[in-house]
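This is what each chain is made of:
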Amino acid sequence: MLDYAYTNDEMISMLTESVKDGSIPLIDDYKAENIEAIYNRTTGEKFMNERTREEMLDKRNSNWVNQIPELMKNKSTFIAVGAAHLAGEQVVINLLKKAGYKVKSVMK
């Protein structure tokens, strides 16, 4: 998946720029349950371009939504995804709702 999402130069650049201080606002957004802010930080130009966003989020979300019905077929199922998969146009929650499922958040 990463091979399709990032070139080697993009990956090296992103890893080089990642520093502990850069993670503090992301952690604060997580603690505040600010999904939109997390999405915006993790999908910003510094970390993703359109191709990367499609590979890392949109395609994976679509694949998950296609697999979830089989997972839930015979039993109750809890499904957890990373925060970046909960915002944006192709968000897992919206895709499940479009497929006819009732989705309930477990956030405060």
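Below is a short write-up of the structure. Every residue gets a number counted from 1 within its own chain, in the order that chain's sequence is written. Per-residue local features of the predicted model are confined to residues with pLDDT of at least 70, and side-chain atom pairs are confined, for both listing and counting, to 80 or more; whole-chain, interface and lining totals are unaffected and use all residues. Excluding hydrogens and water, the side-chain figures rest on all heavy atoms present in the structure.

### Brief notes about the overall build of the protein
Just so we agree on the cut-off: Only DSSP runs of H or I with at least four residues qualify as helices, and only runs of E with at least two residues qualify as strands; both kinds are numbered from the N terminus onward. Only protein chains enter the calculation, and the probe is 1.4 Å; a residue is then buried if its accessible area is under 20% of its type maximum, exposed if over 50%, and partly exposed in between. The contact criterion used throughout is that any non-hydrogen atoms of two residues lie within 4.5 Å. Accessibility throughout is a Shrake-Rupley quantity obtained with a 1.4 Å probe, and a residue counts as covered only by protein chains that appear here.
Secondary structure assignment for the protein yields 6 helices and 0 strands. Per-residue burial over the protein gives 23% buried out of 108 residues. Counting only contacts in the protein whose residues sit at least 6 apart along the sequence, the fraction spanning at least 24 positions is 65%. Just so you have it, the protein exposes about 8,100 Å², and 52% of that area is on carbon and sulfur atoms.

### A word on the side chain of Asn61
Inspection of the secondary structure assignment puts Asn61 in helix α5 (residues 50-72). Excluding its chain neighbours within four sequence positions, the residues that come into contact with Asn61 are His85, Gln90, Val91, Val92 and Leu95.

### Section: α5
Cut-off, in case you're wondering: Multiplying one less than the number of residues by 1.5 Å gives the expected span of a helix. To obtain the bend at a residue, axes are fitted to the seven residues ending there and to the seven starting there, and the angle between these axes is taken.
For α5, with 23 residues, the first-to-last C-alpha span of 31 Å sits near the 33 Å given by 1.5 Å per residue. Of all bends in α5, the biggest is about 30 degrees, found at Asn66, and the proline Pro69 comes one to four residues later. Buried within α5 are the following residues: Thr52, Glu55, Met56, Leu57, Asn61, Val65 and Ile68.

### What about the side chain of Asp29?
The residue Asp29 is located in helix α3 (residues 20-31) in this model. Note on Asp29: relative accessible area 10%, which makes it buried. Here Asp29 is in contact with Asn34, Ala37, Ile38 and Arg41, once residues within four sequence places are set aside.

### Concerning the pattern of salt bridges
Where side chains of opposite charge bring their charged atoms close, a pairing between them can arise. Cut-off, in case you're wondering: Each salt bridge in this description consists of a side-chain nitrogen of Lys or Arg and a carboxyl oxygen of Asp or Glu lying within 4 Å of one another.
All told, the structure shown has 4 salt bridges when counted by the stated rule. One salt bridge in this structure joins Lys59 and Glu54, with 3.9 Å as the shortest N-O distance. Residue classification places Lys59 among the partly exposed positions, given a relative accessible area of 38%. Among the ionic pairs, Glu70 bridges to Lys73, the shortest N-O distance being 3.8 Å. Side by side, Glu70 and Lys73 carry an identical accessibility label, which is exposed. Taken together, the salt bridges that share partners define one network made up of Glu54, Glu55 and Lys59.

### Considering the nonpolar core
In plain terms, the rule: Only buried residues count toward a nonpolar core, which is a set of Ala, Val, Leu, Ile, Met, Phe, Trp, Tyr and Cys residues joined through side-chain atoms within 4.5 Å.
With 9 residues, the main nonpolar core is built from Ile35, Ile38, Tyr39, Met48, Met56, Leu57, Ala83, Ala84 and Ala87. Among the secondary structure elements, those contributing two or more residues to this core are α4 (35-42) and α5. At 3 residues, α4 tops the list of elements feeding residues into this core. Beyond its immediate stretch of four places on either side in the chain, Ala84 contacts Ile38, Tyr39, Thr42 and Leu57. Listed in part, the 5 residues of the second largest apolar core include Val65, Val92, Leu95 and Leu96.

### Some points on unusual backbone geometry
Positive phi values are uncommon outside glycine, yet Glu33 reaches one of about 55 degrees. Among the residues examined, Glu33 registers a relative accessible area of 30% and is labelled partly exposed.

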